[in-house]
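# Understanding the architecture of this molecule
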Amino acid sequence: MTYSVVIPAYNEEEVITETYKRLSEVMRGMGESYELVFVNDGSRDRTAEIIAGFCACDENVRLVNFSRNFGHMPAISAGMEYARGAAVFIIDADLQDPPEVFPQMAEKWREGYHVVYGQREKREGESWFKKASAKFFYRFLRSMTSVDLPLDTGEFRLIDRKVCDAVNKLPEKNRYIRGLVSWVGFKQTAVPYVRQERFAGKTKYPLRKMLAFAMDAITAFSYKPLKLATTLGFLIALFSFVYLLVIFYQFFFTDTTITGWASTMGILLLTQGIVMMILGLMGEYIGRLYEEIKNRPAYIVQEVIGGEKQNQDIL
Ligand code: UDP
Ligand code: MG
């Protein structure tokens, strides 16, 4: 099989039929064998039933059903495990990333690139806050790590079989996919595109999930935040030393009475705040260490529907 398309879906009943239609059209147009691997991430609406319907009448469709909601990254990881194509496309179910870019990506792949990621030139139909925070996040994350993480790039991309296998082999459970794909290396290139408005439905990333996602990404690719403790410690020590000299000077050489309460409280509260913040930061890393050490799988598959024909092909 030449192409696989991995589509994570969580409560996407409003868009999934349109997604299926547009993907099928594009894939048929490319004129090679393909499969659509839908991963239903514990949807509570009719997403799974609708996809199972596609499986029943289209042998190119497969459905991987999770036992509950595990999240966007685990869903993509599962899709990558089940994908069997020589090249694997990853795309969101909401049609924000246009599948019509696939042929362009495939062309680059034929030229010999192993990863062709979509780079957002523009984002349409997203809130001012989402755009600004995303822009800041990509730049901040890049400055935090030594891995070459491309800017303004989501999960929308084509990856070669070799890259897919390499990423699948990585044992970590906290999977920031686009980071892992950068980390494994290979020949990578970008295709610019315009990110569109969601076809229907609402974003599944409320602020709370966005923050958790950002924290996962940062902790997975950088331990610079931990070094913050050292830097701040030095700065505070230096400041304290200078300030102490001032106090000595005042005590021995001037008549000013040294007033205490306000400055003591100020310094106490400030340093307490910093110490608590750093403890919290360490907690973030320790919590994640704990998660990894427990070694529970990143997701649990309840059932897989469809794709039998391709299985026979392999046998
Ligand atoms: N998604 C998922 N599990 C989740 C949240 C999201 O599989 O827990 C899927 C969702 O169905 C969509 C993709 O991940 O296909 C991206 O989510 P969304 O479009 O809501 O995020 P946004 O584009 O707003 O960042
Ligand atoms: Mg979206």
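For the structure, check the block above.
A brief structural summary.

Conventions we followed
Residues numbered from 1 in each chain as written. Chains lettered and ligands numbered in written order. Predicted model: local features only at pLDDT ≥ 70, side-chain atom pairs only at ≥ 80, totals over all residues. Heavy atoms only, no water. Helix = DSSP H or I, 4+ residues; strand = E, 2+ residues; numbered from the N terminus. Buried < 20%, exposed > 50% of the residue type's maximum accessible area, 1.4 Å probe, protein only. Contact = heavy atoms within 4.5 Å. Areas by Shrake-Rupley, 256 points an atom, 1.4 Å probe, with all protein chains shown as cover. Lys, Arg positive; Asp, Glu negative; His and termini not counted. Charge placed at Lys NZ, Arg CZ, Asp CG, Glu CD. Donors = N, O, S within 2.8 Å, 3.2 Å for Na, K, Ca; no water. Pairing = 2+ DSSP bridges. Axes fitted to C-alpha atoms, helices over the stretch in contact; angles between N-to-C directions.

## Focus on the overall build of the protein
A count of helices and strands for the protein gives eleven helices and eight strands. Overall, the C-alpha framework of the protein stretches about 90 × 40 × 40 Å when taken along its three principal axes. When each of the 315 residues of the protein is scored for burial, the buried share is 45%. The contacts of the protein with a sequence gap of at least 6 include a subset with a gap of at least 24, amounting to 81%. Of the accessible surface of the protein, which amounts to about 17000 Å², a share of 61% is contributed by carbon and sulfur atoms. For the protein, the separation between the mean place of its 38 positive charges and that of its 37 negative charges on side chains is 4 Å.

## Quick look at the coordination of the magnesium ion (ligand 2)
Distances from the magnesium ion (ligand 2) to its protein donors, namely Asp94 (OD) and Gln96 (OE1), fall within the range 1.9 Å. This pair shows no difference in class: Asp94 is buried, exactly as Gln96 is.

## Comments concerning the sheet that holds strand β6 (residues 153-160)
Spatial ordering of the open sheet is given by β7-β5-β6-β4-β1-β2-β3-β8, a layout of eight strands whose pairing is mixed. Across the chains shown, the open sheet's two edge strands, defined by having one partner strand only, are β7 (188-195) and β8 (301-306). Across the sheet, the axes of successive neighbouring strands diverge by a mean angle of 20°, strand direction being ignored. For strand β5 (residues 115-123) and β7, the ladder comprises eight bridges, and the chain directions are parallel. Within the sheet, the bridge partner assigned to Val115 lies in β7 and is Gln188. On top of the sheet, helix α6 (residues 161-169) reaches β4 (87-90), β5 and β6; it is set at about 115° to β6, its chief contact.

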